[in-house]
Amino acid sequence: MKFPPFRAPTAHPDRAGSRTGLRTTKLLAVAAAAALALGGCAPAGGDQETIVVAIVANPQMRDAVSLQDDFKSKHPGVDVKFVTLPENEARAKITASVATGGGEFDVVMISNYETEMWAANGWIDNLQPLADATEGYDTGDFIPTIKDALSYEGDMYSVPFYGESSFLVYREDLFKEAGITMPKNPTWDEIGEIARELNDPAKDFAGICLRGLAGWGEVMAPLDTVINTYGGQWFDTDWNAKLNTPEVKAAVTDYVDLLHDAGQPGAATSGYGDCITRYSQGKAAMWYDATAMVSSIEDPASSLVAGKSQYAPAPVKETEAAGWLYSWSLAIPSTSEHKDAAWDFVSWMTNKDYIKLVGNQIGWERVPPGSRQSTYEIPEYAAVAKAYAKPTLDAMYSAKQSTSMVNPVPYPGLQFVGIPEFQDLGTRVSQQISAAIAGQKSVDEALKQAQQYAEPIAKSYQEGGK
Amino acid sequence: MTTTTTPAPVTPTTKSDERKSREARRRFTGSSITTVTWLLAFIFFSPVIWLVMTAFKPESLAASNPPVFFFVPTFEQFGAVLAGGAGGYFLNSLIATGVSTVLVILLAVPAAYAVSIRPVKKTQDVLFFFISTKMLPVVAVIMPIYVIAGQLKVLDNIGTLIILYTAMNLPIAVWMMRSFFQEIPAEVLEAASMDGAGLIKTLRTILMPMVTPGLAATALICVIFAWNEFFFALNLTAANAATVPVFLVSQMTSEGLFLAKLSAASVLASLPVVIAGWVAQKQLVRGLSMGAVK
């Protein structure tokens, strides 16, 4: 229905309503002003300095939030506000803010994937002078591979909160029962054999759990370490895409076949979280993944298999080591206007005393691992982490390109390619791999498509001479 | 072989019998429709039931497979959520939602008047222009908005959210209010003007009381949209202006369990909207059906 235009014969509507009209306008203006004024309700403290810290919502980071009173007692002039978001949201938000100079954050949590690129772009500050000037901070105590991964031109641009590598966890009790011994440095061929032997689909029991979920931080992380040790690579030193080489094909085929023969059911949609659940419920004999898994599977509150596992190094093929390297670390964006206060906070959260603070106040099993060598010398931590401390440390020490890759590559990173395009490229390639795991396409088809995705990026680097 | 064909027994049908069977059939159809309705209602409502149930579970039961239906309810998760600084987020949400809704209504009512009761020139074009602002996906404009807000130093500012939410809800409010205004018979307005009522007086004393249900419905829609808005809030706020939906995602983690806590936070987050809807219920039913007659 359309309403007929109605023309009221009022002669002077304006005059009739002028007073009320004025009032309405005033009201509007007040509302708008109030809205804008409310927006600016930043703390008006006199010499109190406020810093905003963006962190990832993982348990160890939440612990830091809960311990902030300790920081405040040491730095009474600094107030800290936290922005806590899950990994994907945090990464997107922090990247957008730092890349465009948004300036909302004084401290950001990033990883070794971003650090070198962002340092080169001038987006984050050089922390080396600050660290050197801070008494007792001791950057030499950081695990060397992590320190290298967070450095640009020899200086640290972010400092590690925790670090991780990858290793293989296996059920020692079941291995004993079946009369199998885990080799000291297992190869993928040996692991494949054992997994197929222990696999028992009738009892919903998998020989091995491996990530199959699409995502550059999901299936690509373990798979890239397999590709590395098989002698494959994403790009060669002349920036040629190398995703359809026989080495990559062999690695991906073995990974997919192993999942088909002895992996968890529904592997194509199963990621880190699903493998945690499966392994802790006693539904897998082995699992190759992040060393950070120990905080879940060795916790009796959430795991049925706590204390029943042993740990072996990442399985290899052509190399001596194969583990990955990852670190959540803290950096100061160059846009920050409170750099001294920001460093006060960063150094509080990453120094030796913080480790002890967590151990004493929250519990030694909750200590952020893999950042400092001295952590592993603390007797209380050594006692709690007896089963996995040494395997973790060994994995971290050997996680470098020289020991884990056959051919040299032009990019940093083990389980990722340290170029900005990788978030997108890695995700698209991972979707192909996931499709192969689901049986929707063959490994050859998946890798052919992956190669096509990688070629334009390779070309842009060849032409740009980057 | 002989076949005897016995004629089918003719049941004597009287009028009353027929009526009875028709009634029985009707009753059967009626009760089966009721059953289906209940079933559908249950299916639609089950995620909410599940959410509320999970909110009262301890974390270890929330993630269990197969799911647990009988358990001792606990308020532990609600306590944890409230202790986690939910207050600031709720306050921000209240301000952003409240102020933007008031602004929307103040702007939408005159605009709707101008495109229904006293149509301006090219009303159809104006209406199309309003709605066309909703056609561009938000994700396509977030980067320019972010950069502009950054340059103007209004990132992480509630005022920014209020302006965006007002702009976001205004087209919908104008369209809704227009359809409510159109329900008003021309004679009423004629009578008002005959009695010498001016524009503002007509608006205030004649039109507004007649469209109150519509106004309530429009305001509630604006409240719901602004309260639940996530994308702008996530991208444009940080520590000072973050709203409840951002608080909800911060309950999630890629390591460790969070389902029960997230559910408790979600229950708390949806309470204000449920209360607002319940308060406006009577007006709402009338308001929603008013627009539906056409």
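Not measured: the values here are computed from a predicted model.

Q: Summarise the overall build of chain B; cite the residues concerned and give the values.
A: In terms of helices and strands, chain B carries 13 helices and zero strands. Helices (α) and strands (β) of chain B occur, in sequence order from the N terminus, as α-α-α-α-α-α-α-α-α-α-α-α-α. Since a compact globule built from 294 residues should have a radius of gyration of about 19 Å, the 28 Å found for chain B marks it as more spread out than a globular shape. The principal-axis extent of the C-alpha atoms belonging to chain B is close to 100 × 70 × 35 Å. Across the 294 residues that make up chain B, the buried fraction comes to 42%. Accessible surface, chain B as shown: approximately 16,600 Å² in total, 72% of it carbon and sulfur.

Q: Requested: an account of the side chain of glutamine 60 of chain A, with residues and values cited.
A: Locating glutamine 60 of chain A in the fold gives a position in helix H2 (residues 59-66). Those residues in contact with glutamine 60 of chain A that lie beyond four places of it in its chain are Phe161, Tyr162, Tyr354, Arg366, Val367, Pro368 and Pro369 of chain A together with Glu255 of chain B.

Q: Can you tell me about empty space enclosed by the protein, naming the residues and giving the values?
A: The method is simple in principle: a probe with the dimensions of a water molecule rolls over the atoms, and the space it marks as empty is what remains. Residues and elements named next belong to chain A. Scanning all chains against the criterion turns up three cavities of 30 Å³ or more. Of the voids in this model, the second largest cavity is the one considered here, and its volume is about 50 Å³. Lining the second largest cavity, in full, are Val56, Ala90, Arg91, Ile94, Thr95, Met109, Ile110, Glu114, Trp118 and Trp328. Looking at the lining of the second largest cavity, the elements with two or more residues in it are helix H4 (87-100), strand S3 (107-111) and helix H5 (112-121). Per element, the largest residue contribution to the lining of the second largest cavity is four residues, and it comes from H4. Among the residues forming the lining of the second largest cavity, the class breakdown is seven nonpolar, one polar and two charged.

Q: Tell me about the domain arrangement of chain B, and please be specific about residues and values.
A: All names here are of chain B. Taken domain by domain, chain B consists of domain 1 (18-55) and domain 2 (76-292). Centre-to-centre, using C-alpha coordinates, domain 1 lies 34 Å away from domain 2. Residue-level contacts link four residues of domain 1 with eight residues of domain 2. In this assembly, domain 1 packs against domain 2 so that about 420 Å² is buried in total across both faces, 77% of it on carbon and sulfur atoms.

Quick notes on the rules
Residues numbered from 1 in each chain as written. Chains lettered and ligands numbered in written order. Predicted model: local features only at pLDDT ≥ 70, side-chain atom pairs only at ≥ 80, totals over all residues. Heavy atoms only, no water. Helix = DSSP H or I, 4+ residues; strand = E, 2+ residues; numbered from the N terminus. Rg over C-alpha atoms; globule rule 2.2 N^0.38 Å. Buried < 20%, exposed > 50% of the residue type's maximum accessible area, 1.4 Å probe, protein only. Areas by Shrake-Rupley, 256 points an atom, 1.4 Å probe, with all protein chains shown as cover. Contact = heavy atoms within 4.5 Å. 1 Å grid on protein atoms, 1.4 Å probe; cavity = no way out; pocket = protein on both sides within 12 Å on 5 of 7 lines; lining within 4 Å. Points joined across faces, edges and corners; volume = space filled by probe spheres on them. Nonpolar A, V, L, I, M, F, W, Y, C, P; charged D, E, K, R; others polar. Domains from an automatic or database assignment. Buried area = accessible area lost by both parts, 1.4 Å probe.

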